[in-house]
Amino acid sequence: MENISEHSLGRRLFLSVLSLFVFFAVCFIVFQQEREKEYKTGMLNQQLQDFNVRMNEALTLTGASSDRDIDRYVAAHRLPGMRLTIIDPNGKVVYDNERKDYANIPSHRDRQEVSEALLRGKGYDISRSSHTLDGDFFYSATYFAKEHRVIRSAMPYNNDLSQVFQTDLHFIYFALTVLILLSALLYRFTLRLSTNVNNLRRFAQRADRNEPLQVEDLARFPNDELGEISEYIIKLYLQLQRTKEEQNVLKRQLTQNIAHELKTPVASIQGYLETVLENKNISEETRQLFLTRCHAQSQRLTSLLADISTLYRMDDAPEQTHFEEVDIAATVNQIVEETALSIRQRRMTFDNRLPQTVKVKGNPSLIYSIFRNLTDNAIAYAGEGTTITLSATESDKGDRWLFSFADNGEGVGQEHLSRLFERFYRVDKGRSRKLGGTGLGLAIVKNAVLLHGGQITASANKGGGLLFNFSLHK
C-alpha cells in the first residue's frame, strides 16, 4: 500500500482535518472540565448552604447564644474538618468554632463570600487562604436578614477536596480513544481519496499526451463511492472517444454520400446543357425536353440541399430551434390538400383519423416535415390503390400524443426495417432515384421526433405495408 505521505492532496487533507479534530477535542475537554468543576462546586456549595440554613434554624429554635451551646451543636452536626463562623452585618465575627479571640479577628465584611452573601443572600469562594487560620478553604456564606447574621461554613481545601474537583480521567481517555479511531478512519478515507486523485491525474496526463488509454489499466480504484465515480468518469471519457471516432467515420461516409448524391443531378444537368449548347441544329422540341429535365434535376438538387440543411440544423444547433404551439390537425389537413393530386393519380386514399384538436409544443417547420415526409414516402413506395391511415391517441399520463402512420402497400423486408432511418439508405436505390427521393426523408423524420422529445419505430403493418409509431410532447 502506498504511504499517504506520497500523496500531497491526501496528506494536506488528513493534516487539516486532523488538526480540526484535535482542536475540537481539546476545546470539548476543557469545556467539559469547566462544566464538571462548576457542577461539583455547586454541589459542595449547596451542601454547605444547607448546613448554614439548618444551623440558623437550630440557633433560632434553641435560642443558643453562648459559644459552649453553639460548639455542642456544631460538634454534633458538622462535617469532618468543617469550620463554622457567625458574622454580624458589619463584618464582626461573633462566633468561630476554631478561634475564640474575637477581638483580634479583623472584619470579614470585605471577604468575597461574605460581601456576596450580604449583597445577594448567598456567596462562596473556592480555594482561598484563610487570614485567620493556616491553609486553604472552600467558603460558603448565607445571610439571614431577619436574624441579622451571616453564617459561613468552610471545608479545608486539602487533598481529599482537591480530588473531588479533579476531572474524571475516564472521560479524557474516552475522548482520546475516539480521536484515535477517527484519525484512523480519516487516514483510510484520505488515502483512498488520494489514490483516486492520482489515478485521475495519470489518466488526464495520458489523455493530454494522446497516449493509448485502456479501462483495465486505468479504472483500478478503491471499491467505494469515490472509486465508482472516478471509474465512471474514465469509462465515460473512453465512450465519448469511441463515439467521436464513430462520428468521424459517419461524417466521412455522409460526406461521400452527399458528394455521390450531388454528383448525379449535377452530371445530368451538365450533360443536358452541354448537348443543347454544342448542337446548334437541335430541334425545339428536344431542346425543351432537355431543359425540362434540367429543371427537374435542379429541383431534386434543391430538395437534397434543403434536406441536408435541415439535418445539419437539427444536429448542430438544436437549442436554437424555436418552439411554439402547433396545431397538428391543421398541419395534416394542409398536407392532404397539397398531396391530393399525387394521391388521386395513384388511386390512393388518405384516411385521416386525427381528433379535431391535436396540439403540441414544437417547431412548425419540423412538425410539418415529419408528416410531409411520411406522406411522401408512402405515396412514393406504398403502391397504387393503397390506403394511408393516420391516427393519434393521448398517452396514459396525458403528457404526449401517440401517433400511428400506416399504409397497406408493398412494405419492405424485415432486414431493412432497422435501417430505414439511416441517412441516404435506400431499399431499392434505382427506384428511389427514379422517383426523385433524396434518401434523407425518414432521417429527417426521426431527428425531428427526437428533437421534440419523442421516439419513433418502424415495423411491418399487419395488413401489409409499413407502420410508423411515434410520440410528440404536448
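Residues numbered from 1 in each chain as written. Predicted model: local features only at pLDDT ≥ 70, side-chain atom pairs only at ≥ 80, totals over all residues. Heavy atoms only, no water.

A. Examining the environment of Lys-361 more closely. One can find Lys-361 in strand E8 (residues 359–362). Excluding anything up to four places from it in sequence, Lys-361 contacts Phe-323, Glu-324, Glu-325, His-452, His-473 and Lys-474. (Helix = DSSP H or I, 4+ residues; strand = E, 2+ residues; numbered from the N terminus. Contact = heavy atoms within 4.5 Å.)

B. Region of interest: the nonpolar core. With 37 residues, the main nonpolar core has Ile-328, Ile-370, Phe-371, Phe-403, Phe-405, Phe-470 and Leu-472 as its most contacted residues. A total of seven residues in this core trace back to one element, the largest contributor, which is helix H11 (residues 364–381). Setting aside residues no more than four positions away along its own chain, Leu-472 makes contact with Ile-328, Val-360, Ile-367, Ile-370, Phe-371, Arg-400, Trp-401, Phe-403, Val-449 and His-452. Formed by 24 residues, the second largest nonpolar core is a distinct cluster that contains Leu-44, Ile-70, Ile-87 and Ala-117. (Core = buried A, V, L, I, M, F, W, Y, C linked by side-chain atoms within 4.5 Å. Buried < 20%, exposed > 50% of the residue type's maximum accessible area, 1.4 Å probe, protein only.)

C. The arrangement of the packing of H11 against helix H14 (residues 441–451) in detail. Contact geometry for H11 and H14: axes closest at 9 Å, N-to-C directions at 145 degrees. For H11 against H14, the interelement crossing comes out left-handed. For the pair H11 and H14, contact is made by Leu-366, Ser-369, Ile-370, Asn-373, Leu-374 and Asn-377 and by Gly-441, Leu-442, Ile-444, Val-445, Ala-448, Val-449 and Leu-451, respectively. Classifying every residue of the contact of H11 with H14 by side-chain character gives nine nonpolar, four polar and no charged. (Axes fitted to C-alpha atoms, helices over the stretch in contact; angles between N-to-C directions. Left-handed = near helix turned anticlockwise from the far one by under 90°. Nonpolar A, V, L, I, M, F, W, Y, C, P; charged D, E, K, R; others polar.)

D. Representation of the packing of aromatic side chains within the structure. Counting across every chain of the model gives seven aromatic pairs. Relative to Phe-24, the ring of Phe-23 lies with its centre 5.6 Å away and its plane at 70 degrees, an arrangement referred to as edge-to-face. An aromatic cluster is built from Phe-371, Phe-403 and Phe-470, whose rings are joined through pairwise contacts. Lys-474 extends its terminal NZ or CZ atom over the ring of Trp-401, reaching a point 5.2 Å from the ring centre. (Phe/Tyr/Trp six-rings, centres within 6.5 Å; stacked < 30°, edge-to-face > 60°. Lys NZ or Arg CZ within 6 Å of the ring centre and 35° of its normal.)

E. View of helix H3 (residues 112–120). Among all positions of H3, only Glu-113, Val-114 and Ala-117 are buried. Buried residues of H3, seen end-on, are gathered within an arc of 100 degrees and therefore sit on one face of the element. In H3, the exposed residues that point more than 90 degrees away from the buried face are Leu-119 and Arg-120. Count one or two residues on from H3 and you reach Gly-121, which has phi positive near 100 degrees. (Arc of directions from axis to C-beta.)

F. Structural context of a nonpolar patch on the surface. Together, Phe-174, Val-178, Leu-182 and Leu-185 line one region of the surface with nonpolar side chains, adding up to about 370 Å² of accessible area. Looking at the element boundaries, Phe-174 is found in helix H5 (residues 169–208). On the basis of relative accessible area, Phe-174 is assigned to the exposed category, the value being 55%. (Patch = residues over 30% accessible without salt bridge, like charges linked within 9 Å, V, L, I, M, F, W, Y side chains within 5 Å. Areas by Shrake-Rupley, 256 points an atom, 1.4 Å probe, with all protein chains shown as cover. Salt bridge = Lys/Arg side-chain N within 4 Å of Asp/Glu carboxyl O.)

G. The environment of Pro-80, seen in detail. Among the structural elements, Pro-80 can be located in the loop between helix H2 (67–77) and strand E1 (83–87). Along the primary structure Pro-80 and Pro-156 are separated by 76 residues, whereas in three dimensions their C-alpha atoms are 9.5 Å apart.

All quantities given are derived from atomic positions and should not be read as evidence of function.
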